[in-house]
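Chain residues, written in single-letter form:
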Amino acid sequence: MSIDKVLNEVESGDALEIGAGMPDVEIILEDDGGATVGLPEEELLFEANLAEIVDEGELSHIASELSTLFDADKTSRGEWEQQYSKGLDLLGFKYEERSRPFKGAAGVAHPLLSQAIVQFQSQAYKELMPAEGPVRTQVLGKETNDKMQQAERVRDFMNYQLTTVMEEYTPEMDQALFYLGYGGSVFKKVYYDYHLERMVSKLVLPDDLYIPYSGSSVMSQCSRITHRIAMSENDYRRRVYSGEYLDLDLKPSAQPAIPDQIGDRVDKISGILPSSETEELFFLEFQVDWDLPGFEDEDESGEPTGIKLPYVITIEESQNRVVSVRRNWDPEDAKKRRKQYFVHYVLIEGLGAYGLGFVHLIGGLSRSATSALRQLIDAGTLANLPAGFKAKGARIMNDDVPLQPGEWRDMDAGGAELTSQMLPLPYKEPSQTLFQLLGFCVEAGQRLANTADMAVGDGNQYAAVGTTIALLERGSMVMSSIHKRLHYAQKQEFKMLAAGFGQFLPDEYPYDVPGASRTVKKKDFDNLVAVLPVADPNIFSSAQRVTLAQTQLQMAQSAPQMHDMYQAYHRMYSALNVRDIDAILKPQNVQHPKDPAMENSEVLEGAPLKAFAGQQHDAHTVAHLMQGFSPMLQANPAAAIRLQQHILEHMRLKAEEQTEAELFMQYGKDPKDLISALQKEGMIALKIAQYMQDIKGLQSKLQGDQSDPLVSLKEKELGITEASNKADEALEKQKLTMDGQEEQAKIISQEKIAMLRAQPPFRGNPNATQNRQ
């Protein structure tokens, strides 16, 4: 059935659903004979470019309103841009040809400002970007073996990304530190690049990022942020092809819509001239809250709340046309909070949204030092090549050519004295007062910028520790506070990068490094590991690190019984950047999680044992109890005591883990506000008592329902003692019996002798006595 036939069979204003053989469309006939065809609505992706479906009139309204807001933001910082651009001349990167006060006057600039910036850049770059990588990790909560391995994987992967994959990160960080030292503000934009298919952290100069008048140095506190993006026509076509921007007929404009006085001054100082043909398009990317028709915020009942939602809206600058409108919140966030992409690096927090740089701190002193230096050089030049007046009638050969040093020229004085014909002007030598003023300006600027060299090695090594630390802190107060701000900003940058890795990485990502193959998991980037800069926020220089390490070593040597001397020397070698420290220092035993068999072996050697959270505590307990029946261990009471202590440590960790799991199930992630530490300790104590009973029963089973080994040994000892006592008693009885028999025999013998002595002797027969016997 054709559509024309169907349209003829329905009346005007009726709706017709076309089914079999036709697309799923809805056709509504109009009174004027026309028809409205409704195509089926496809499910709109959350990341889609809403500019493709928003009405063209609404897009024009958005472009007009945002352009007005941008003009207001640019006007509000106009004076800041003038100061920023004029201060570039104080860097002295371009020699100035001067004709006043005379032709060839000195055009040199004093390097006070450049010295402060370059020294800060070098010092900060060395601390924030070490050769091993700028990222370190820290386990949140209780340390377990799994968490430690996870932290190691995250650290290795992020250092690999920043130093190897993200090739632009290191040079852009170096350049960012220069601009930061000069102007006091620089920005990093952290986002996922769909063309590079990886995370990027792009440098954004302050002249390309606009903060409103009521904005703040904290990016999350700004009502809107505008990023001016320069893009080639080919890059624009690539973004159109990928669906990021609308396909509009855009061509580079001959004249930029917005004059860039900072960029023009940078080009002039650098000696670079723009080409005659403009090759770039300029876009204004707004992070702004907007009430977009058709996508209003609604309450639970579906009614609009009137609350503006965060969007990223991109406008082409010259034609003022919207090319992209995208949601700027996490789809899982019920509160629809704005996602942050920018990190603000600040040298010194100033009066407004932008920071203060060395051009603001010592710009005036640098200008005064430059003026004084030029005057001193000009004074020396005039003193070496003086000028003056000569008599009108005096004739000098080649009087239009200046005299060269060491040259003597003929002069016709007309018979008059030469001194009366020439009058030199009284030029003085360079002023010592001016020279002292120059030194004062330079010293004051260096002291304010904290660029004066610290003579760390000139101090007394026997000075008190407090004195050394006080002098070090006093001399580095400014740089120490600046370094803390850089550490905070870099921490925020790494946090955004880690969040991006956790969102866009595959479940497992293998990668190769020199000498090894590694793997990182998407779930590694959760809230269990904190990503931090490797730089110490309290130490910003090698001199400070060496001084602190040396002071710690001296204190440790004064009381070695109270310190770990290995760590003291290890920190000293680390501060000195010594490689292969383990080849110099004797290695120490570092406790790591081990299996029960290894622990049973080491306890016999006298090694200390340590239990770790997350281990199989029951398996360790059984293995150690069985080891307790070993004759070798029973013959070594010290090892038995250490093994028993180790079993109790496993028992304590098991009770703590079980208690925390129960509290998590009952109260959630943070039960601290609902249960006291004393109550938690009571729960742990009850579990430990229960585990003690379980271990007692387990021990009985392992013994075959026999008594405790110590009790058995005591019983055997008592049996031996009893047997010995019985033997002694038998011997004593036997001895008494033998003594009685001997006494009885002695008595009988004595009685016989007495009887014989009592009888009279027998006479006559000599054998009478014998016969009688």
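The structure we're discussing is the one just above.
Residues numbered from 1 in each chain as written. Predicted model: local features only at pLDDT ≥ 70, side-chain atom pairs only at ≥ 80, totals over all residues. Heavy atoms only, no water.

1. Some points on the overall build of the chain
When helices and strands are counted, the chain shows 23 helices and 19 strands. Per-residue burial for the chain yields a buried fraction of 35% across its 773 residues. Excluding contacts between residues fewer than 6 apart, the proportion of contacts in the chain whose partners are at least 24 apart in sequence is 68%. Of the roughly 47,900 Å² that the chain leaves accessible, carbon and sulfur atoms contribute 53%. (Helix = DSSP H or I, 4+ residues; strand = E, 2+ residues; numbered from the N terminus. Buried < 20%, exposed > 50% of the residue type's maximum accessible area, 1.4 Å probe, protein only. Contact = heavy atoms within 4.5 Å. Areas by Shrake-Rupley, 256 points an atom, 1.4 Å probe, with all protein chains shown as cover.)

2. Digging into the sheet that holds strand β5 (residues 185-193)
Spatial strand order, β6-β5-β12: 3 strands in an open sheet with antiparallel pairing. Pairing within the sheet leaves two strands with one partner each, and these edge strands are β6 (198-204) and β12 (342-346). Adjacent strand axes in the sheet meet at a mean angle of 20 degrees, parallel and antiparallel pairs treated alike. By the bridge criterion, 5 bridges tie β5 to β12 in an arrangement that is antiparallel. Counterpart to K189 in the pairing with β12 is F342. Across the sheet, helix α6 (residues 169-183) is in contact with β5, β6 and β12; its angle to β5 comes to roughly 150 degrees. (Pairing = 2+ DSSP bridges. Axes fitted to C-alpha atoms, helices over the stretch in contact; angles between N-to-C directions.)

3. Focus: the packing of helix α15 (residues 542-558) against helix α16 (residues 565-575)
Two elements in contact, α15 and α16, have axes whose closest approach is 9 Å; the angle formed by their N-to-C orientations is 160 degrees. In this view, α15 runs roughly antiparallel relative to α16, as classed from their interaxial angle. For the pair α15 and α16, the sense of crossing is left-handed. For the pair formed by α15 and α16, the contact residues are R545, V546, A549, Q550, Q552, L553, A556 and Q557 on the first element and M565, A568, Y569, R571, M572 and A575 on the second. By residue class, the composition of the contact of α15 with α16 is 9 nonpolar, 3 polar and 2 charged. (Parallel < 35°, antiparallel > 145°, perpendicular 65-115°, else oblique. Left-handed = near helix turned anticlockwise from the far one by under 90°. Nonpolar A, V, L, I, M, F, W, Y, C, P; charged D, E, K, R; others polar.)

4. Some remarks on the sheet that holds strand β11 (residues 321-327)
With respect to topology, 5 strands assemble into an open sheet ordered β7-β8-β9-β10-β11, the strand pairing being antiparallel. The open sheet has two free edges, formed respectively by β7 (209-210) and β11, since each of these has just one partner strand. Pairing of strand β10 (residues 309-316) with β11 involves 6 bridges; the strand directions are antiparallel. Looking at β11, one finds that I315 is bridged to V322. Those strands touched by helix α2 (residues 56-76) are β7, β8 (224-232), β9 (280-290), β10 and β11, and its axis lies near 95 degrees from that of β9. Relative to the sheet, helix α7 (residues 233-242) contacts β8 and β9, its axis offset from that of β8 by approximately 110 degrees.

5. Digging into the side chain of Q627
Assignment of secondary structure puts Q627 in helix α18 (residues 617-627). Taking the relative accessible area as the measure of exposure, Q627 reaches 15% and is therefore buried. Look past the residues within four positions of Q627 in its chain and what remains in contact with it is N600, L604, L633 and L643.

6. A few points about the packing of aromatic side chains
A full pass over the atoms with the stated rule returns 23 aromatic pairs. Centre to centre, the rings of F46 and W329 are 5.5 Å apart; their planes meet at 85 degrees, and the pair counts as edge-to-face. Taken together, the residues F46 in the loop between β3 (35-38) and α2 and W329 in the loop between β11 and β12 connect sequence positions 283 residues apart. A relative accessible area of 22% places F46 in the partly exposed class. Residue class for W329 comes out buried when judged on its relative accessible area of 6%. The interplanar angle of 75 degrees and the centroid separation of 4.8 Å between the aromatic rings of F70 and Y210 together place this pair among those described as edge-to-face. Taken together, the residues F70 in helix α2 and Y210 in strand β7 connect sequence positions 140 residues apart. (Phe/Tyr/Trp six-rings, centres within 6.5 Å; stacked < 30°, edge-to-face > 60°.)

7. Considering the pairing of β6
Across a regular strand the side chains alternate sides, sitting on one face of the sheet and then on the other. In terms of burial, β6 is largely enclosed, as 6 of its 7 residues are buried. Of the pairings in the sheet, the one linking β5 to β6 comprises 7 bridges and is antiparallel in character. The residue bridging Y191 from the neighbouring strand is V200, located in β6.

8. What about α2?
The terminal C-alpha atoms of α2 lie 31 Å apart, and with 21 residues this matches the ideal 30 Å at 1.5 Å per residue to within 8%. Looking only at α2, the buried set comprises E58, L59, I62, A63, L66, S67, F70, D73 and K74. Burial along α2 is one-sided: seen end-on, the buried residues are contained in an arc of 165 degrees. Considering only its buried residues, α2 is in contact with α3 (78-86), β7, β8, β9, β10 and β11. Two to three positions downstream of the cap, the backbone nitrogen of G57 sits 2.9 Å from a side-chain oxygen, assigning the N-cap of α2 to D55. (Expected span 1.5 Å × (residues − 1). Arc of directions from axis to C-beta. Polar contact = N/O pair within 3.5 Å; in protein donor to acceptor, adjacent residues only side chain to side chain.)

9. Observations concerning the pattern of salt bridges
One pass over the structure, following the stated rule, counts 24 salt bridges. Ionic pairing is found between R337 and D333, a salt bridge with its closest N-O pair at 3.1 Å. The class for R337 is exposed, based on a relative accessible area of 52%. By relative accessible area, which is 15% here, D333 ends up buried. One network of salt bridges, with partners in common, ties together K74, R77 and E81. (Salt bridge = Lys/Arg side-chain N within 4 Å of Asp/Glu carboxyl O.)

10. Quick word on the environment of Q554
You can see Q554 is positioned in helix α15. By relative accessible area, which is 29% here, Q554 ends up partly exposed. For the pair Q554 and A568, spaced 14 residues apart in sequence, the C-alpha to C-alpha distance is 9.0 Å.

11. Considering α18
Taken together, the buried positions of α18 are occupied by H617, H620, T621, H624, L625 and Q627. On an axial view of α18, the arc spanned by its buried residues comes to 155 degrees, and they lie on one face.

12. Some remarks on the nonpolar core
Counting 71 residues, the largest nonpolar core has L113, F120, M158, F358, L497 and F525 as the members making the most contacts within it. For this core, the element with the highest residue contribution is helix α14 (residues 477-504), accounting for 9 residues. Other than its neighbours up to four places away in sequence, F358 contacts L113, A116, I117, F120, G181, Y182, L347, G363 and A449. In terms of nonpolar packing, the next biggest core, distinct from the first, is built from 33 residues, L59, V288, Y311 and V323 among them. (Core = buried A, V, L, I, M, F, W, Y, C linked by side-chain atoms within 4.5 Å.)

13. Looking at unusual backbone geometry
One non-glycine residue, N320, adopts positive backbone phi at about 55 degrees. Following the sequence through the fold, N320 ends up in the loop between β10 and β11. Residue class for N320 comes out partly exposed when judged on its relative accessible area of 30%. Phi is positive for K336, which is not a glycine, with a value near 55 degrees.

14. Looking at the pairing of β9
The buried fraction of β9 is high, at 9 of 11 residues. Two elements, β8 and β9, share 9 bridges in a ladder whose sense is antiparallel. Of the residues in β9, the one forming a bridge with R224 is V288.

15. Re the side chain of D207
When you line up the elements, D207 lands in the loop between β6 and β7. As a buried residue without a salt bridge, D207 has its nearest oppositely charged side chain in R77, at a separation of 6.3 Å. With residues near it in sequence (within four places) discarded, D207 still touches R77, D260 and I262. (Lys, Arg positive; Asp, Glu negative; His and termini not counted.)

16. What to know about the environment of Y311
For Y311, the location among the structural elements is in strand β10. Spatially, the C-alpha atoms of Y311 and R338 are 8.0 Å apart, while their sequence positions differ by 27 residues.

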